[in-house]
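A look at the structure
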Amino acid sequence: MRHHRHRQERWLHTRISETLEDALKREARRRRLPVSLFVRHVLEGALDLVEDLVETSMRGARPAAARDALADVYGWQEIVLHRDAACVRCGSGLAAGARAHRGLRERPGPPVFLCAGCLARLRRPAEPGDEKEASR
Ligand SMILES: [Zn+2]
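So, here is what we can say about the structure in this document. Remember, predicted model here, so these are calculated numbers, not experimental data.

**Some details on the pairing of strand β4 (residues 99-105)**
Of the strand pairs in this sheet, strand β1 (residues 73-80) and β4 are connected by seven bridges, and their pairing is antiparallel. Residue Glu 78 lies in a different strand from β4, and its bridge partner there is His 101. Bridge analysis of β4 against strand β5 (residues 113-114) gives two bridges, and the strand direction is antiparallel. By the bridge assignment, Arg 102 is partnered in β5 with Phe 113.

**Some details on the coordination of the zinc ion**
For the zinc ion, the protein coordination sphere consists of Cys 87 (SG), Cys 90 (SG), Cys 115 (SG) and Cys 118 (SG), at 2.2 to 2.4 Å. Considering all four donor atoms around the zinc ion, angles at the metal cover 106 to 117° and the coordination shape is tetrahedral. Spacing between the donor residues of the zinc ion along the chain follows C-x2-C-x24-C-x2-C.

**Comments concerning the nonpolar core**
One finds Leu 81, Cys 87, Leu 94 and Leu 114 to be the most contacted residues of the largest nonpolar core, which totals 14 residues. Within the residue set of this core, elements represented by two or more residues are β5 and α4 (116-123). Once residues within four sequence positions are removed from consideration, Cys 87 is found in contact with Ser 92, Leu 94, Phe 113, Leu 114, Cys 115 and Cys 118.

**A short note on the side chain of Asp 72**
Within the element layout of this structure, Asp 72 appears in the loop between α3 (62-69) and β1. For Asp 72, the side chain forms a polar contact with the side chain of Arg 105, separated by 3.3 Å. Excluding residues that lie within four positions of it along the chain, Asp 72 makes contacts with Leu 104, Arg 105, Glu 106 and Arg 107.

**Comments concerning the sheet that holds β1**
Ordered in space as β1-β4-β5, the three strands form an open sheet in which the pairing is antiparallel. One side of each edge strand has no neighbouring strand; the edge strands of this open sheet are β1 and β5.

**Let's talk about the pattern of salt bridges**
This model, assessed by the stated rule, comprises six salt bridges. Here Glu 27 and Arg 31 are joined by a salt bridge, their closest N and O atoms 3.2 Å apart. Residue classification places Arg 31 among the partly exposed positions, given a relative accessible area of 46%. A salt bridge links Glu 78 to Arg 99; the shortest N-O distance between them is 3.1 Å. Of this pair, Glu 78 sits in strand β1 while Arg 99 sits in strand β4; the two residues are 21 residues apart in sequence, bridging distant segments of the chain.

Procedures and definitions
- Residues numbered from 1 in each chain as written.
- Predicted model: local features only at pLDDT ≥ 70, side-chain atom pairs only at ≥ 80, totals over all residues.
- Heavy atoms only, no water.
- Pairing = 2+ DSSP bridges.
- Helix = DSSP H or I, 4+ residues; strand = E, 2+ residues; numbered from the N terminus.
- Donors = N, O, S within 2.8 Å, 3.2 Å for Na, K, Ca; no water.
- Tetrahedral: all angles 85-135°; square planar, octahedral: opposite > 155°, others 65-115°.
- Core = buried A, V, L, I, M, F, W, Y, C linked by side-chain atoms within 4.5 Å.
- Buried < 20%, exposed > 50% of the residue type's maximum accessible area, 1.4 Å probe, protein only.
- Contact = heavy atoms within 4.5 Å.
- Polar contact = N/O pair within 3.5 Å; in protein donor to acceptor, adjacent residues only side chain to side chain.
- Salt bridge = Lys/Arg side-chain N within 4 Å of Asp/Glu carboxyl O.

This is the structure:
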């Protein structure tokens, strides 16, 4: 005789230590939940956490990605935006109609824009400790 189950649900077998089993059972009992339901909650919570971490690390990785995007830019040309865009360096929004600077590059690629603030920073002499050139 087969038990009726939701079609989308799957069994997941996994080996866990005795200590972990005890901890899960204890915690489930404390919350008055069946162990299996508690484990499911824990896993779902952990996944949310992983998604948050991935998002956070992607935000953190942006400066490196921006450096790559700027690798073959040889100049900046002032333009008036026709569409909304974002500064490739700081990520700040650039609204349609605003002045921005478009990167001119040797090879074709997606357009990159700089906001006025980042362009001003570019004009200033390189700050000490900027090892961008040395690391190439
Ligand atoms: Zn900027």
